[in-house]
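Each chain is listed here by its residues.
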Amino acid sequence: MVAAEAEGKARGEHAPAVALSCGIVGLPNVGKSTIFNALTRSAQALAANYPFATIEPNVGEVPVPDPRLEVLGDITKTQKIVHATMRFVDIAGLVRGASSGQGLGNAFLSHIRETDAIAMVVRCFVDDNVTHVEGAPDPLRDIEIIGLEMALADLATLGRRQDKLAREARANPKLAPQVDALKRLIAALEDGKAARTFAPDSLEAEVARESFLLTAKPMLYVANVDEAQIAAPGEMAQAVFAHAKSENARAIAFSGKIESEFAGLTDAEAAEFRADYGIRTGGLDQLIVQAYDLLGLMTFLTAGEKETRAWTIDRGTKAPQAAGKIHSDIERGFIRAECITYDDYVQYKTLDALRSAGKIRSEGKEYVMQEGDVVEFRFNV
């Protein structure tokens, strides 16, 4: 199914893509740069056994694993497959006192502020050959250190905003609820709770987003384990999982060292080695997919002989705006979206068979796109 078909030729430019990013953070020497290099299949981030090996953030675009594309490509005999992409940012290690400038902390915190979500790497293995800035691995202590530094930075941000908002509320009493929400945010942070613990549709969450708070960003905890824990993560990793559950965050176990070795292999070689380790799903794939979902993203698909492609949209996007991701003309002249579920496409394989089975849906401007929709957009030029 082609990306779009119209009564005339499309004019205009593709809609500019918004590059959402996930920052990789953690204390020094916990494996951030090793994981980043594995994700990007590169050595652009210096992985070294000393603090602050990374100072300026490294940025990499990685394809989002999606086996559906290869299946659709085989059916349509496509010439080209294009995956959706995710941006990862390798940010230098934070230390105690980062919020007050320790270890170049102010710069590093600003790098986190520029990302849309956070993957916090915590070391969950003992290795005497790899130093730890706090002396020995303790993932819950490490999480607390980083969380505290981000909370202190947020409290400073809210302190500045509180004075301004209070003045505005005196002139406009309708702002009083925002002032109260801000006070509740401050109280929560002082009590050791992250801003993300408030319900997404709450006034507190709205104020947190408007204030660009670090602790409001979606969080994925990455328990960096050693080779012995790949099949069964140990006690330290289990503690990370429990902590994530307590604050409605996510967590995965991941061996940066092993995955970095896999990253240099072909897909077939990597699959063979994963089988030797008893790994059913690659850690890199899990990390990428979890980060993609963490950002509230989803995918619709287009399929045809020239190209089969995954397109990234926010969950809840309606059909015309999804069409605009392909081309600005398609959104302006949108008539309808002809949608097929991925499973139906795989089952029936041809458009004639799909039409005969009544599996092609005609959706209008209010249709909310669903994950995995295979779409052809109709539009006027």
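Refer to the structure above for everything that follows.
Now for a quick tour of the structure.

Rules behind the numbers
Residues numbered from 1 in each chain as written. Predicted model: local features only at pLDDT ≥ 70, side-chain atom pairs only at ≥ 80, totals over all residues. Heavy atoms only, no water. Core = buried A, V, L, I, M, F, W, Y, C linked by side-chain atoms within 4.5 Å. Buried < 20%, exposed > 50% of the residue type's maximum accessible area, 1.4 Å probe, protein only. Contact = heavy atoms within 4.5 Å. Helix = DSSP H or I, 4+ residues; strand = E, 2+ residues; numbered from the N terminus. Pairing = 2+ DSSP bridges. Expected span 1.5 Å × (residues − 1). Axes fitted to C-alpha atoms, helices over the stretch in contact; angles between N-to-C directions.

1. Here we look at the nonpolar core
- Counting 62 residues, the largest nonpolar core has Leu 39, Met 86, Phe 88, Met 120, Met 150 and Val 222 as the members making the most contacts within it.
- Ignoring any residue separated from it by four or fewer positions in sequence, one finds Phe 88 in contact with Cys 22, Ile 24, Phe 36, Leu 39, Asn 58, Val 59, Gly 60, Val 62, Leu 287, Ile 288 and Ala 291.
- Among the nonpolar cores identified, the runner-up in size contains 17 residues, and Ala 322, Ile 330, Ala 337 and Val 375 belong to it.

2. Some remarks on the pairing of strand β6 (residues 117–123)
- Most of β6 sits inside the fold, with seven of its seven residues counted as buried.
- The two faces of β6 match: Ala 117, Ala 119, Val 121 and Arg 123 on one face and Ile 118, Met 120 and Val 122 on the other face are all buried.
- The pairing of β6 with strand β7 (residues 219–224) spans six bridges and is parallel. Bridging from a neighbouring strand, Arg 123 pairs with Asn 224 of β7.

3. Points about helix α5 (residues 176–190)
- In this model α5 runs 21 Å from its N-terminal to its C-terminal C-alpha over 15 residues, within 8% of the 21 Å that 1.5 Å per residue would give.
- Every buried residue of α5 is accounted for by Gln 178, Val 179, Ala 181, Leu 182, Leu 185, Ile 186, Ala 188 and Leu 189.
- Close packing links the buried residues of α5 with α4 (139–171) and α6 (203–210).

4. Some details on unusual backbone geometry
- A positive phi angle, close to 65°, is found at Asn 29, a residue other than glycine.
- Mapping Asn 29 onto the fold places it in the loop between β2 (21–25) and α1 (32–40).
- One non-glycine residue, Lys 349, adopts positive backbone phi at about 70°.
- Tracing the backbone shows Lys 349 in the loop between α13 (342–348) and α14 (351–356).

5. Considerations on the sheet that holds strand β8 (residues 250–254)
- The six strands are arranged β3-β5-β2-β6-β7-β8 in an open sheet whose pairing can be described as mixed. The open sheet has two edge strands, β3 (58–63) and β8, and neither has a second partner. Geometrically, the sheet is characterised by an average inter-axis angle of 25° between neighbouring strands, direction not taken into account.
- Pairing between β3 and strand β5 (residues 85–90): six bridges, direction antiparallel. The partner of Asn 58 across the bridge, within β5, is Asp 90.
- Of the strands in this sheet, β6 and β7 are in contact with α4, which crosses β6 at around 145°.
- Relative to the sheet, helix α10 (residues 283–294) contacts β2, β3, β5, β6, β7 and β8, its axis offset from that of β8 by approximately 165°.

Read these as layout, nothing more, since geometry by itself doesn't imply function.
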